[in-house]
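Fold and geometry: a report
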Amino acid sequence: MKPDPAAIQKMMQEWMRCAMPGPEHKGLEKLVGHWTTATKQWMDPTAPPTESKGRSENKLAFDGRFVVADIEGSCMGQRTRTMTIIGYDVYKKRYVSVALGDMGTGVYLMTGDMGTDGKTLTFHCEMDDAMGKRPTRFVIRIEGDDRHVFEAYDSCGGQEFRVVETVYTRVK
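The rules behind the values
- Residues numbered from 1 in each chain as written.
- Predicted model: local features only at pLDDT ≥ 70, side-chain atom pairs only at ≥ 80, totals over all residues.
- Heavy atoms only, no water.
- Helix = DSSP H or I, 4+ residues; strand = E, 2+ residues; numbered from the N terminus.
- Buried < 20%, exposed > 50% of the residue type's maximum accessible area, 1.4 Å probe, protein only.
- Contact = heavy atoms within 4.5 Å.
- Areas by Shrake-Rupley, 256 points an atom, 1.4 Å probe, with all protein chains shown as cover.
- Lys, Arg positive; Asp, Glu negative; His and termini not counted.
- Charge placed at Lys NZ, Arg CZ, Asp CG, Glu CD.
- Polar contact = N/O pair within 3.5 Å; in protein donor to acceptor, adjacent residues only side chain to side chain.
- Pairing = 2+ DSSP bridges.
- Axes fitted to C-alpha atoms, helices over the stretch in contact; angles between N-to-C directions.
- Salt bridge = Lys/Arg side-chain N within 4 Å of Asp/Glu carboxyl O.

Moving on, we get to the overall build of the protein chain. Along its length, the protein chain carries 2 helices and 10 strands. When the helices and strands of the protein chain are listed from N to C terminus, the series reads α-α-β-β-β-β-β-β-β-β-β-β. Each of the three principal axes of the protein chain carries a C-alpha extent, and together these read 65 × 40 × 30 Å. Each of the 172 residues in the protein chain was classed as buried or not, and the buried ones make up 33%. In the protein chain, the proportion of contacts linking residues at least 24 apart, taken out of those at least 6 apart, comes to 30%. About 11000 Å² of surface is accessible on the protein chain, with carbon and sulfur atoms providing 58% of the total. Mean positive and mean negative side-chain charge positions of the protein chain (24 and 24 charges, respectively) differ by 4 Å.

If you trace the backbone, Arg55 turns up in strand S2 (residues 50-61). Distance in space between the C-alpha atoms of Arg55 and Arg81 is 9.9 Å, their sequence separation being 26 residues. Residues within four places of Arg55 in sequence aside, it is in contact with Trp35, Thr36, Thr37, Asp70, Ile71 and Glu72. Within polar-contact distance, the side chain of Arg55 engages the backbone oxygen of Asp70 at 2.9 Å.

Here the focus is the sheet that holds strand S4 (residues 78-89). Strands belonging to one sheet form pairs held by backbone hydrogen bonds; the direction of such a pair is parallel or antiparallel. Taken in spatial order, the 10 strands line up as S1-S2-S3-S4-S5-S6-S7-S8-S9-S10 and close into a barrel, and their pairing is antiparallel. Each strand of the sheet is rotated relative to its neighbour by a mean of 25°, with strand direction disregarded. The pairing of S2 with strand S3 (residues 66-75) spans 7 bridges and is antiparallel. Paired with Ala61 across the bridge in S3 is Phe66.

We now examine the pattern of salt bridges. Close approach of charged atoms allows side chains of opposite charge to pair. Scanning the entire structure with this criterion turns up 19 salt bridges. Ionic pairing is found between Asp113 and Arg94, a salt bridge with its closest N-O pair at 2.9 Å. On the criterion of sequence distance, the pair formed by Asp113 in strand S6 (residues 108-114) and Arg94 in strand S5 (residues 94-101) is long-range, its members being 19 residues apart. You can call Asp113 partly exposed: its relative accessible area is 38%. In this structure Arg94 comes out as partly exposed when scored by relative accessible area, which is 28%. Notably, a salt bridge pairs Glu151 with Arg141, separated by 2.9 Å at the nearest N-O pair. Here Glu151, found in strand S9 (residues 147-156), pairs with Arg141, found in strand S8 (residues 132-144); they are 10 residues apart in sequence, far enough to count as distant. Each of Arg141, Glu143, Arg147, Glu151, Arg162 and Glu165 takes part in one network of salt bridges that share partners.

Let us look at the pairing of strand S1 (residues 33-41). Where S1 and S2 come together, 9 bridges link them in antiparallel fashion. In the strand pairing of S2, Thr37 is matched with Gly54.

Along S9, 7 of the 10 residues are buried, which leaves the element largely enclosed by surrounding structure. Here S8 pairs with S9 via 7 bridges, running antiparallel. Within S9, the residue paired with Gly144 across the bridge is Arg147. Taken together, S8 and the strand that follows it, S9, pair antiparallel across an intervening segment of 2 residues. Between S9 and strand S10 (residues 159-170), which pair antiparallel and follow one another directly, the connecting turn spans 2 residues, one of which, Gly157, has a positive phi of 65°.

And the structure:
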């Protein structure tokens with residue numbers, strides 16, 4: 001059976017459409033730049049957070065298809081480094097992200113959606129580490145050209161609580 005040239009042409013056009021960055025990718029450009037970070041971490045939701053400072057360098061990759069963040073900070077007095085990649089999957093019509101770092105050997109794969117305000121990106125994933133398997137939510141709020149906030153929410157015993165808040169301030 002010979003392949004149908006019209007079907008192959010249609011498939012190639014769809015593939016090309018899905019391979020091209022769109023307006024969702026353009027919106028992620030607000031995250032690009034050099035940033036200082038101020039982080040609060042809660043190990044116990046009823047106790048005061050620990051606070052630390054850090055930095056993040058966020059760059060575009062693959063012709064604007066992804067934002068790659070190289071983040072340095074600290075956790076429990078230990079220097080930490082994290083890499084996060086954020087993009088938009090045109091085919092799935094969902095934001096996608098992967099995070100990895102030196103605080104573990106796992107890779108966290110996330111999918112998310114932009115809120116109706118166009119400034120709040122919410123990701124969901126399932127954490128699987130020494131604490132067990134549980135749903136986790138990550139939120140990025142773009143508060144302006146020079147500031148965005150990242151929050152991480154963990155679940156324990158079916159109850160969600162905030163474990164991290166990082167405020168990013170653009171270095172000028």
